Amino acid sequence: MNLSEEASKLRHKWNDLARLIFHTGRRLVSQKPMAERVDMTGKNVIITGGARQSIGYEVAKTLAAWGAHVTVTSLEDVEPLQQALHSDLQEMPGKDSSYERRVVARHMNLCDPRSVADFVAWYGSNHERLHVLVNNAGVFKDIAGLSKTPILSDDGIEIHWRTNFLGTFHLTSLLLPMLAETGRLTGDARVVITSSHVYEDGRNELFFSEEPEDYKSWRSYSQAKLALVHLSFEIQRRYAKEYNLQSVVLHPGSVRTNLTSSGLDGNPALKAVHRLFEPALAPFFLKLEHGAQTTITCATKSPIEGGRYYERCAVAEASEQANDEAVAKRLWEMADGWVSGLSV
């Protein structure tokens, strides 16, 4: 590596540190974001990634308490998950006695094409409409960045790309006809996608080049998150005008969730250190309740400004990379071709 490359790498690290300090400082001194309550009676909502101690779980609780019929998906055992949701809903302000009928937990694995297809078939046979799809599920398998070789899914694809982007694209593509029909008939359907501010570290040129030899889990995670921003904007371009289907993507904030601890699985020493210092780090992270608010806003606010990136319950500026329509179209075609080749 020459001096110019070293200087560029160092500059990126300092920029990342400055951005982290800025966002952390703003969180500590500013008022926490809160969504305004909206009557969701009669709305059908799917929320992926709704395990306990997750943003999806908090969103599911809130939308069910506000009147929506919520189906939440998870990899964990769904019976205790559903029982936990019912128990927590009993304590929610403003809920009524029918809340138990309005929240259902279903198992779904975004990395298993059959699991995704079976879930969509079940949903279609039990619901006439889908008003809101919240793509919240995601993984980060190596937060410490220690792995030197790609972490692969069972079907041999890098795990962050496979789960966070390809799995989300597969599920969304199967549900788009139902969403589009709902939007056409009711005037309001939407797709809400959880990304992360680290999408700004992604690079469009890496989508269509060979995998770099020096594997970095953070780079793979950032690429998948950038791809999700492209996916959201491309849905807006393809479906908003004709079908009243709005698509938004968001950064929930830096939140203490189950994603953090699971990202240290396989490294007991680091996991023990994380548990030791977690109380001291707590002030630098949003609580789950606050981290869920931007997702709740995007799922409920009417009207919503589609084709935009949201942060702290409001529209924020997306990066220049994220606004490249040609890249978004090419990514869509690539992912659509992959879905078409699945054997389910």
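The sections below set out a description of the structure shown in this document.

Criteria and cut-off values
Residues numbered from 1 in each chain as written. Predicted model: local features only at pLDDT ≥ 70, side-chain atom pairs only at ≥ 80, totals over all residues. Heavy atoms only, no water. Salt bridge = Lys/Arg side-chain N within 4 Å of Asp/Glu carboxyl O. Axes fitted to C-alpha atoms, helices over the stretch in contact; angles between N-to-C directions. Helix = DSSP H or I, 4+ residues; strand = E, 2+ residues; numbered from the N terminus. Parallel < 35°, antiparallel > 145°, perpendicular 65-115°, else oblique. Left-handed = near helix turned anticlockwise from the far one by under 90°. Contact = heavy atoms within 4.5 Å. Nonpolar A, V, L, I, M, F, W, Y, C, P; charged D, E, K, R; others polar. Pairing = 2+ DSSP bridges. 1 Å grid on protein atoms, 1.4 Å probe; cavity = no way out; pocket = protein on both sides within 12 Å on 5 of 7 lines; lining within 4 Å. Points joined across faces, edges and corners; volume = space filled by probe spheres on them. Buried < 20%, exposed > 50% of the residue type's maximum accessible area, 1.4 Å probe, protein only. Expected span 1.5 Å × (residues − 1). Bend = angle between axes of the 7 residues up to and from the residue.

Tallied over the entire structure, the rule returns 13 salt bridges. By sharing partners, the salt bridges in this structure join Lys 43, Asp 188 and Arg 190 into a single network.

A word on the packing of helix H2 (residues 55-65) against helix H10 (residues 293-300). Running from N to C, H2 and H10 point in directions that differ by 45 degrees, and their axes come no closer than 9 Å. Viewed along their axes, H2 and H10 adopt a mutual orientation that is oblique. Every pair of crossing elements has a handedness; the one defined by H2 and H10 is right-handed. Only Thr 295, Ile 296, Ala 299 and Thr 300 of H10 make contact with H2, whose side of the interface consists of Ile 55, Val 59, Thr 62 and Leu 63. Partitioned by chemical class, the residues of the contact of H2 with H10 number five nonpolar, three polar and no charged.

In spatial order, the strands read E3-E2-E1-E4-E5-E6-E7-E8; together these eight strands make up an open sheet with mixed pairing. The open sheet has two free edges, formed respectively by strand E3 (103-107) and strand E8 (314-316), since each of these has just one partner strand. When strand polarity is set aside, the average angle formed by the axes of neighbouring strands in this sheet is 25 degrees. Pairing of strand E4 (residues 132-135) with strand E5 (residues 189-194), which is carried by four bridges, proceeds in the parallel orientation. Within E5, the position partnered with Asn 135 by the bridge is Ile 193.

Another point: empty space enclosed by the protein. In this structure the tally under the stated criterion is two cavities of 30 Å³ or more. Estimated volume of the second largest cavity: approximately 40 Å³. Taken together, Phe 165, Phe 169, Ala 227, His 230, Leu 231, Glu 234, Ala 328, Leu 331 and Trp 332 make up the lining of the second largest cavity. Residue assignment for the lining of the second largest cavity shows that the elements contributing at least two residues are helix H5 (159-186), helix H6 (217-243) and helix H11 (325-340). Here the residues of the lining of the second largest cavity are counted per class, giving seven nonpolar, one polar and one charged.

Okay, the packing of helix H4 (residues 113-126) against H5 next. Contact pair H4 / H5: the axes reach a minimum separation of 10 Å and the direction vectors enclose 30 degrees. By the angle between their directions, the pair H4 and H5 is classed as roughly parallel. Crossing angle aside, the handedness with which H4 passes H5 is right-handed. Packed against H4, whose contacting residues are Pro 113, Val 116, Ala 117, Phe 119, Val 120, Tyr 123 and Gly 124, the element H5 presents Arg 162, His 170, Leu 171, Leu 174, Leu 175 and Met 178 at the interface.

Below, the discussion takes up the side chain of Ser 153. For Ser 153, the location among the structural elements is in the loop between E4 and H5. Taking the relative accessible area as the measure of exposure, Ser 153 reaches 8% and is therefore buried. Residues contacting Ser 153, with those up to four places away along its chain left out, are Cys 111, Ile 159 and Arg 162.

Attention now goes to H6. Its 27 residues give H6 an end-to-end C-alpha distance of 37 Å, which sits within 8% of 39 Å, the value for a rise of 1.5 Å per residue. Its axis deflected by about 35 degrees at Arg 237, H6 carries its strongest bend there. The element H6 is largely enclosed, with a buried count of 20 among its 27 residues. Downstream of H6 by a residue or two, Asn 244 has a phi angle that is positive, lying close to 55 degrees.

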